[in-house]
Amino acid sequence: MERYYWIETYGCQMNKAESNALVQEMTELGWRQASSPKEAEIIILNTCSVRGTAEMRIRGRIGYYKSLKRTHPHTLVLMGCMAERLKERLKEEEPAVDLVVGTFQKGAFLSFLRNPCRDRIPHIPLQENAAYQFAEGHYLDGEFKAFIPIMHGCNNFCSYCIVPYVRGREVSRSPEEIFRELNKLQDRGVQEITLIGQNVNSYLYEGPDGRMDFPSLLREIIHRYPDIPWIRFLTSHPKDLSDEVIDCLATYSQLCKSLHLPVQHGSNRILRLMNRKYDRDFYLRLVERLRNRVPSIALTTDILIGFPTETEEDFQATLELMKAVRFDDAFTYYYNPREGTEAYKYPDDVPLEVKLERLKVVIDLQRRIGREKKTQRIGSRIKVLVEEMSKMKSTELLCRTERDEMVIVPGPSEWIGTFREVELLSLKGNTFWGKDTGWEHS
Ligand code: SAM
Ligand code: SF4
Ligand code: F3S
C-alpha cells in the first residue's frame, strides 16, 4: 500500500535543501507526495525561527492542521529550527503537534518513517549539538538548479541571531561527499549549483586525506566540474571573505559574478553591539577591493534596522553606507528580539512605528538605487538561464541573469532549463523585460 506525505518548507535555502534530501529518502522508503494535505498520512512542517514573524506564520499553519485533524486524521511533525528552539515545549503549547524532530535527530525520524504507527509515535530525545549528519543528496529529480550544503551551523554568535543556537557549531562537509553529490548532478546535466552554508567562507575540512579551505574547494570544484556552467555560493560573512576567494571570482568564468555580502548596519557602535566583528571602514574597503578585482560583480546585502539603542544618527549612518556602496539589491528587516540570544538581554527600545518608518526609508532608498543601476543596462545583451513560466502569462518565461536579476521574456516552455541570450528592453519594478535574440548558449 502506498503511503502519502505532505511537506511545507519555511526559511532559508538550507531548509529547502534538507527538505529535498528528506523527500529523496522518503521516496526510497516508498512514500509518495500527496496532491493535497487532506490525502496525507504524515504532514511535515520544516520550520524557521529567525524572526518572530516566521514563527507566527508557522503557528498559523499548525492551527490549520489542528482543525484538519478533525476530518482528516494525520501525524503532524514539526522539524527544523523552530522545533529545535522550542523542543518539547512546542508539543505542550500546540497539542496538535505529534512529533518534534530537532536539527540533529533526522536519523531517528527516518527510522520512524520506515514503520510509522499513529498509536506509537516515538519520543525522539532532542540532543543539543550532537554530530550533524549531512544527507546524501539534496536535489529533486528533473531540477536543473541545485543547492548543495557544504557546511552546517555557525560560530559567529551575532548578538541578534538565533541560528547558532538552533543549528549548533560549524561543521564542514567532507569534499568526498560534496564531490559524490556533484558527480550525480553533472551527469544529470544540472545548469547551476549554489554551495550553501551560514558562512561558507569559513569552510575548513580537516581529515585523514588532508586539509581543504573554501578557496581550495572552489578551485577543485571548478576543475572537476567543467560541465556545470554556473556556480554560486551563499552566504559570505564580510570578516571571512578572503582575497583568495575574490581572486577565484575574478579568475573563473564559471563563478557567477554576484555576491551576497550582508552588512547589517552602517553605524560602528551598532555593528559592535551586533558582534559583527568588522566596522564600516573594513566593509567599505572590502567592497572596493572586490570591485577593483571584479568590476562586473553584482553585490547584494542584508540590512537589519531597529537594533536596541539605535538612534536617528545610527540609522542615518546606514543610509549613508547604502549610498556609498550602492548595492544591487538588499533584503531588509527590522529587529525582532529572539529569546536566548545576547541582544535579548537589552531592552527592545526602538518603538515598532519607528522601526517600520526606518524600514520604509531603507526599502525606498534601495529601490531607487537598484532602479538607477539597472536602467543603465537597458539595451544590453545578456545570457540568462530560463527558469520557469511566468506566473502572469503563459507565453512568457521567467529567466535569471548571472548577476541574479530577473528578466521576463516571451518564449516557449521548451526553453526552460536552457541558457539563452536576451536583449534588455525595459524595467518594471525590479524586473527586466527583454526579448530573445535567437542565440542559444551551450
Ligand atoms: N548567515 C547569514 C549572515 O551572516 O548574514 C545570514 C543568516 S540569517 C538566517 C538572515 C538574515 O536574517 C540576517 O542577515 C539578518 O539580517 C536577519 N536576522 C537575523 N536575526 C534577526 C532578528 N533577530 N531580527 C530580524 N532579522 C534578523
Ligand atoms: Fe546569524 Fe551571524 Fe551566524 Fe549569520 S553569521 S547565521 S547572522 S550568527
Ligand atoms: Fe531560519 Fe533556520 Fe534558516 S532559523 S533562516 S531556517 S537556519
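How each quantity is defined
- Residues numbered from 1 in each chain as written.
- Chains lettered and ligands numbered in written order.
- Predicted model: local features only at pLDDT ≥ 70, side-chain atom pairs only at ≥ 80, totals over all residues.
- Heavy atoms only, no water.
- Helix = DSSP H or I, 4+ residues; strand = E, 2+ residues; numbered from the N terminus.
- Buried < 20%, exposed > 50% of the residue type's maximum accessible area, 1.4 Å probe, protein only.
- Contact = heavy atoms within 4.5 Å.
- Areas by Shrake-Rupley, 256 points an atom, 1.4 Å probe, with all protein chains shown as cover.
- Lys, Arg positive; Asp, Glu negative; His and termini not counted.
- Charge placed at Lys NZ, Arg CZ, Asp CG, Glu CD.
- Near = heavy atom within 4 Å.
- Nonpolar A, V, L, I, M, F, W, Y, C, P; charged D, E, K, R; others polar.
- Expected span 1.5 Å × (residues − 1).
- Arc of directions from axis to C-beta.
- Pairing = 2+ DSSP bridges.
- Axes fitted to C-alpha atoms, helices over the stretch in contact; angles between N-to-C directions.
- Salt bridge = Lys/Arg side-chain N within 4 Å of Asp/Glu carboxyl O.
- Polar contact = N/O pair within 3.5 Å; in protein donor to acceptor, adjacent residues only side chain to side chain.
- Domains from an automatic or database assignment.
- Core = buried A, V, L, I, M, F, W, Y, C linked by side-chain atoms within 4.5 Å.

A.B. asks: How would you explain the overall build of the chain if you had to name every residue and give the values?
C.D. replies: Across its full length, the chain carries 13 helices and 20 strands. Within the span of the chain, comprising 442 residues, buried residues form 53% of the whole. For the chain, long-range pairs separated by at least 24 residues make up 71% of all intrachain contacts whose partners lie at least 6 apart in sequence. Carbon and sulfur atoms provide 51% of the accessible area of the chain, an area that totals close to 19900 Å². Looking at the chain, you have 63 positive and 64 negative side-chain charges, and the mean spots of the two groups are 3 Å apart.

A.B. asks: So what's going on with the site of ligand 2? Residues and values would help.
C.D. replies: The immediate surroundings of ligand 2 are formed by Cys 154, Asn 156, Phe 157, Cys 158, Tyr 160, Cys 161, Val 163, Pro 164, Gln 198, His 237 and Arg 276. Grouping the constituent residues of the shell around ligand 2 by class yields 7 nonpolar, 3 polar and 1 charged.

A.B. asks: Before we move on, can you summarise helix α11 (residues 280–293) with the specific residues and values?
C.D. replies: Helix length check: α11, at 14 residues, gives a terminal C-alpha distance of 20 Å against a target of 20 Å (1.5 Å per residue), a fit within 8%. All buried positions along α11 are accounted for by Arg 280, Tyr 283, Leu 286, Val 287 and Leu 290. The arc enclosing the buried residues of α11, seen along the axis, measures out at 130°, which places them on a common side. Along α11, the residues that are exposed and aim more than 90 degrees away from the buried face are Glu 288 and Asn 292. Check the buried side of α11 and you find it contacts α9 (243–251), β13 (258–260), α10 (268–273), β14 (298–305) and α12 (312–325).

A.B. asks: Kindly report on the site of ligand 3, identifying the contributing residues and their values.
C.D. replies: For ligand 3, the full set of nearby residues is Cys 12, Asn 15, Cys 48, Ser 49, Val 50, Cys 81, Arg 167 and Gln 198. Among the residues forming the shell around ligand 3, the class breakdown is 4 nonpolar, 3 polar and 1 charged.

A.B. asks: Summarise the sheet that holds strand β2 (residues 31–33); cite the residues concerned and give the values.
C.D. replies: Taken in spatial order, the 5 strands make up an open sheet running β2-β1-β3-β4-β5, and their pairing is parallel. Two strands close off the open sheet at either side, each with one partner strand: β2 and β5 (99–101). Along the sheet, successive strands turn relative to each other by an average axial angle of 30°, direction set aside. As paired strands, strand β1 (residues 3–9) and β2 are joined by 3 bridges and run parallel to one another. Looking at the pairing, Tyr 4 lines up with Arg 32 of β2.

A.B. asks: Mind laying out the side chain of Arg 276, listing which residues take part and the relevant values?
C.D. replies: Tracing the backbone through its elements, the reader meets Arg 276 in the loop between α10 and α11. Summary of buried charges: Arg 276 has no salt-bridge partner, and the nearest side chain of opposite charge, Asp 302, is 7.2 Å away. Looking at Arg 276, its side chain comes within polar contact range of the main-chain oxygen of Pro 262, at 3.0 Å. With residues up to four places along the chain from it excluded, the contact list for Arg 276 reads Cys 158, Tyr 160, His 237, Pro 238, Lys 239, Pro 262, Gln 264 and Leu 271.

A.B. asks: Explain the domain arrangement of the chain residue by residue, including any values.
C.D. replies: You can read the domains of the chain as domain 1 (3–120), domain 2 (141–256) and domain 3 (381–441). The distance between the C-alpha centroids of domain 1 and domain 3 comes to 35 Å.

A.B. asks: Account for the nonpolar core, with residues named and values stated.
C.D. replies: Residues Ile 193, Ile 221 and Phe 233 are the most contacted members of the largest nonpolar core, which totals 56 residues. With residues near it in sequence (within four places) discarded, Phe 233 still touches Thr 194, Leu 195, Val 200, Phe 214, Leu 218, Val 245, Leu 249, Leu 255 and Leu 259. Membership of the second largest hydrophobic core comes to 20 residues, among which are Tyr 10, Ala 34, Ile 43 and Ala 96.

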